[in-house]
Amino acid sequence: MNAPEKLTIPSLRDRVSEEEWQTRVDLAACYRLVADFGWSDLIFTHITARVPGTEDQFLINPYGMMFDEITASSLVKIDLQGNKIEDSPFPINPAGFTIHSAIHSVRHDAQCVLHVHSINGVAVSAQKNGLLPLSQQSIFVLSSLAYHGYEGVALNDEEKPRLVADLGNKNYLMLRNHGLLTVGKTIADAFVNMYIFEAACMIQIRAQAGGGELIEIPQAIISGAKDQARTVTKSKGGMLAWPGLLRRLDRIDPSYST
């Protein structure tokens, strides 16, 4: 058996702006956290972030790398068509960018689009009634949740208008029979949104498995969830938890920031 190939990743630290470098570090951290929390599907999903100061440049994972290998310097800069903007030794999966390019092209408020095939998320996405108001976590999702029907593997550009129409101005999207997607004004927002989304799905699956009668939360409480979220996070959104999450990564493996 051949020894595994060792990845050699030259640093881009001195070749990009301070703003882009910070985005690269945060996005690499997001990939590592998705792996750490068990939401990755080998190499087959994506998290993208807009390059600061641009409308049509984005960072995406090098195709073939596991999420727990990704670093700030290995991320690939692309345009809305999935073409590389700068030379990179790493390939990307243009087909996998279909969903992300559709959303980035219309949601200029979203710096980050995060998509996963988490087990609990896919399980709930296959349920006819979708996410149910069963937990405190669920009320935050339900206050900004949209659904998009399954049209097969996302390879067809013709699906884009339907996907963005379904998402609208929401921050959570359940892709039927497929998985979960969140958007955020920051990478931290997109990640914390996904943490809440996945937790709500996990709680639902476990509550249903218990077999007892379930108590649903009233719509009046869900309607006030956005205001409650601002109070709980001191209006900082995902940035309230983000420094602690980075410290968590630093204890495990700080190489994401290289």
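Residues numbered from 1 in each chain as written. Predicted model: local features only at pLDDT ≥ 70, side-chain atom pairs only at ≥ 80, totals over all residues. Heavy atoms only, no water.

The protein chain is annotated in an unreviewed UniProt entry as Class II aldolase/adducin family protein from Noviherbaspirillum album. Turning to the protein chain, the UniProt annotation filed under Sequence similarities (unreviewed entry) states: "Belongs to the aldolase class II family." (UniProt positions renumbered as here; feature names shortened; annotations may be inferred.)

*Asks:* How would you sum up the pairing of strand 6 (residues 172-175)? Please name residues and give values.
*Replies:* The alternating pattern of strand 6 places Tyr 172 and Met 174 and Leu 173 and Leu 175 on opposite faces, both of which are buried. Across four bridges, the pairing between strand 5 (residues 145-148) and strand 6 is parallel. In the sheet register, Leu 145 faces strand 6, and the bridge partner there is Tyr 172. With four bridges connecting them, strand 6 and strand 7 (residues 179-184) associate as antiparallel partners. Counterpart to Leu 173 in the pairing with strand 7 is Leu 181. Turn length for the strand 6-strand 7 hairpin, with the two strands adjacent in sequence and antiparallel, is three residues, and the turn residue Asn 177 shows positive phi of about 60 degrees. (Buried < 20%, exposed > 50% of the residue type's maximum accessible area, 1.4 Å probe, protein only. Helix = DSSP H or I, 4+ residues; strand = E, 2+ residues; numbered from the N terminus. Pairing = 2+ DSSP bridges.)

*Asks:* Before we move on, could you go through the packing of helix 1 (residues 18-36) against helix 9 (residues 242-252) and cite the residues and values that matter?
*Replies:* Two elements in contact, helix 1 and helix 9, have axes whose closest approach is 10 Å; the angle formed by their N-to-C orientations is 70 degrees. For the element pair helix 1 / helix 9, the angle class is roughly perpendicular. Side by side, helix 1 and helix 9 meet where Asp 26, Ala 29, Cys 30, Arg 32, Leu 33 and Asp 36 of the first sit next to Trp 242, Leu 245, Leu 246, Arg 248, Leu 249 and Ile 252 of the second. Among the residues forming the contact of helix 1 with helix 9, the class breakdown is eight nonpolar, no polar and four charged. (Axes fitted to C-alpha atoms, helices over the stretch in contact; angles between N-to-C directions. Parallel < 35°, antiparallel > 145°, perpendicular 65-115°, else oblique. Contact = heavy atoms within 4.5 Å. Nonpolar A, V, L, I, M, F, W, Y, C, P; charged D, E, K, R; others polar.)

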